[in-house]
Amino acid sequence: MTVNINNSDKNAAIISVSGRIDSNTYTELQKVIDEVDYSKDTLIIDFKDVEYISSAGLRVLLAGRKKMDSGTYKIINVSDNIYEIFETTGFDSILDIEKGKDGIATYISHSFKEILKMKSDRYPDTLFVSHLGSDYTWRDIEKCAQIAANDLFKIGVKKGTHVGICSANSANWIITFLAVQKLGAIACLLNFNYNEKEIADVSEVGDVTHLCYGEISTMEDKDGFLAKVTGAENSKIKEIYDISSSIDFKKRLSEYPDVEGLFDVKVESDDACVMIYTSGSTGKPKGVLLSSYNILNASSTMAKEIRIEETDKLCLILPLFHIFGMTAGLFCNALQNASIVMPENMRTGTILSTIEKYECTLFHSVPTMVLAIMNNKEFTAEKVKTIRCTILAGAPATEPQIIKMNDTFENAHFVCAYGLSEMAPVSMTAYDDSIEHVVKTVGKPVDNIKIKITDRDTGKELPCGAVGEINVEGYNLMSCYYKAALDLQSIDDGGWLHTGDLGFIDENGYLHLTGRAKELIIRGGENIMPSEVAEAIAQFPDVADVKVQGVPDDFFGEVVGASVVMKDGKELDAEALKAFLSERIAKYKVPAYIFQYDEFPVLSNGKIDAVSLKKDMNAKAAALKK
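About the cut-offs
- Residues numbered from 1 in each chain as written.
- Predicted model: local features only at pLDDT ≥ 70, side-chain atom pairs only at ≥ 80, totals over all residues.
- Heavy atoms only, no water.
- Core = buried A, V, L, I, M, F, W, Y, C linked by side-chain atoms within 4.5 Å.
- Buried < 20%, exposed > 50% of the residue type's maximum accessible area, 1.4 Å probe, protein only.
- Contact = heavy atoms within 4.5 Å.
- Helix = DSSP H or I, 4+ residues; strand = E, 2+ residues; numbered from the N terminus.
- Arc of directions from axis to C-beta.
- Pairing = 2+ DSSP bridges.
- Axes fitted to C-alpha atoms, helices over the stretch in contact; angles between N-to-C directions.

Q: For this particular structure, what's the right way to read the nonpolar core?
A: Here is a general trend for soluble globular proteins: nonpolar side chains tend to be buried in one another's company. In this structure, Phe177 and Leu189 are the most contacted members of the largest nonpolar core, which totals 91 residues. The residues touching phenylalanine 177, leaving out its near neighbours within four places in the chain, are Phe112, Ile165, Ala187, Leu189, Val274, Met326 and Phe331. Counting 43 residues, the second-largest nonpolar core is a separate cluster that includes Val202, Leu211, Val546 and Val590.

Q: Any chance you could explain helix H4 (residues 112-122) here in plain terms?
A: An α-helical segment advances 3.6 residues per turn. Residues three or four places apart therefore align on the same side. Burial in H4 covers these residues: Phe112, Lys113, Ile115, Leu116, Lys119 and Ser120. Looking straight down H4, one finds that the buried residues subtend no more than 165 degrees of arc, so they occupy a single side. Seen from the buried face of H4, the exposed residues on the opposite side, beyond 90 degrees, are Lys117 and Arg122.

Q: Would you take a moment to explain the sheet that holds strand E7 (residues 134-137) for this structure?
A: Two orientations exist for strands paired in a sheet by backbone hydrogen bonds: parallel and antiparallel. The mixed open sheet is built from four strands, whose spatial order is E7-E6-E15-E14. At either margin of the open sheet sits one strand with a lone partner, and together these are E7 and strand E14 (313-315). Pairwise comparison of adjacent strand axes, ignoring direction, gives a mean angle of 15 degrees for this sheet. Inspection of the sheet shows strand E6 (residues 127-131) paired to E7 by four bridges, in the antiparallel sense. Directly across from histidine 131, in E7, lies its bridge partner serine 134. Set on the sheet, helix H11 (residues 323-336) makes contact with E6, E14 and strand E15 (339-342); between it and E15 the angle comes to about 145 degrees.

Q: I keep staring at the sheet that holds strand E19 (residues 444-445) and nothing clicks. Help me out?
A: Across the sheet, which stays open at both edges, the four strands sit in the order E16-E17-E18-E19 with mixed pairing between neighbours. Unpaired on one side and paired on the other, strand E16 (389-392) and E19 mark the two borders of the sheet. Judged from the two bridges that link them, strand E18 (residues 423-428) and E19 form a sheet pairing that is antiparallel. Bridging across to E19, methionine 428 finds its partner in lysine 444. Sitting on the sheet, helix H10 (residues 292-305) touches E16 and E18, and the angle it makes with E18 is about 25 degrees.

By themselves these figures say nothing about function.
Take a look at the structure:
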């Protein structure tokens, strides 16, 4: 709990309280109330962000009221939940209490496990997911998740176990995620484009001991692939569990009576329960720890912003291992009882026919996929006429691209959003914002999220319109990077996340992105750390030096480019290098452009002149395109 007092008004004192006022924290409130200047006419206690108040807290409020012989003593912005406590105890007749605007007190304080039970109990026959011709109601999801949880329990999963989920989107992915939550374990979400080495590396970073695997794009020989994953020297994975789409949990529903009611482990909404991996500054992935409180309330905020209703249908193509897929894709719709349709595959023709067949109303994506669908030879505006809203996020889009999308999807509201694995969403354009705001900004901060722009060198907050590093803070911010060293944690001593992104806030409160302070390459929504690719290239025979940078691309936004210096005048075989890399890093990380240099340009301090090198590399790439 935190308590702040504002005495700037000569006639009134305002106390703002957030968190829980219980038997362990009430003394903090008592201390502040004892210090108030009761000679003022008015004392206002703002409860907008109070989640709970105990009997001890009520006593403090009563004592404060008695200290004020005359004048106004008012408690404002009381949520429905807190007001119910005041009513039950009769304090509504003793104190002047005023209901008010929503704060974090009204946010969802349930675990994923509790949300699933509530959905299954209240809406058992409501359709939630359609995939591969099979429909799943909330009752189906609950029963299948319970059966899967029992399977996982038998192979050693319990509260606190780190369970990897590596698969393309499927009904089984959702079932498995919720099964992990039933056991109080942590779901570690892996990119299904990872190869064997990358899965082993992530297992080491995140202490992943159990792997649930389904459709993995790099897996051709299943047995050989899994043997390499579990057999790698650094792999922590000891148990594997098949969740491929060919496995039909609904065929096992007869097992449910035998497992119903098992796994009563208590899970709090603030417990760390999800780990999402993001590229780190060293090239190694970092595990972002999130809670159901973070994810569910972020999802609820997005659902409110884009006005999701029960009648909506989402064509879900966002990968569920991304925070964008978890929030806008899965739980936005789950919370609002809207349904989800997952295409059979990610071919643009399949996605287009899915939208048309199911009359989908929502379709969220990175810009490259929307453009790819528009470029499909079967595309017509008629086929996407049911789409009413599309959130664009994960990668930048150009102004002409967004205007083209807006003109083509005749009935869609396009919304631009900004977020990170560590915290999403940060900002969004409004549902009815002008196209000018959508093409030029990433919206205003969503409710209860704070943004400030700071000078990267001094840390000083910058004024409106000045470009600097974007810093963010709020309810959906991660707790930390799992086991990362203190100097690799991006949260400062004030609780602000330093994003590494550059931007400014205009006079109307809209956030504008202007670039990245870090070297991250974003290829069609996939984050790629140049140092990871460079490290793999450096292992190729006779490579003396390498620099990896992003190259502009009309479709993906950016692709990977590599500049290479060879030893002793050797000639580089670019195709051989690409084949070499394809065995070591995921396909989307392999450079689209590789250029050989006799030497790199250097600065006066002896370091590579990265700006000049990138300019030259981009010019070479542009010439090749022509």
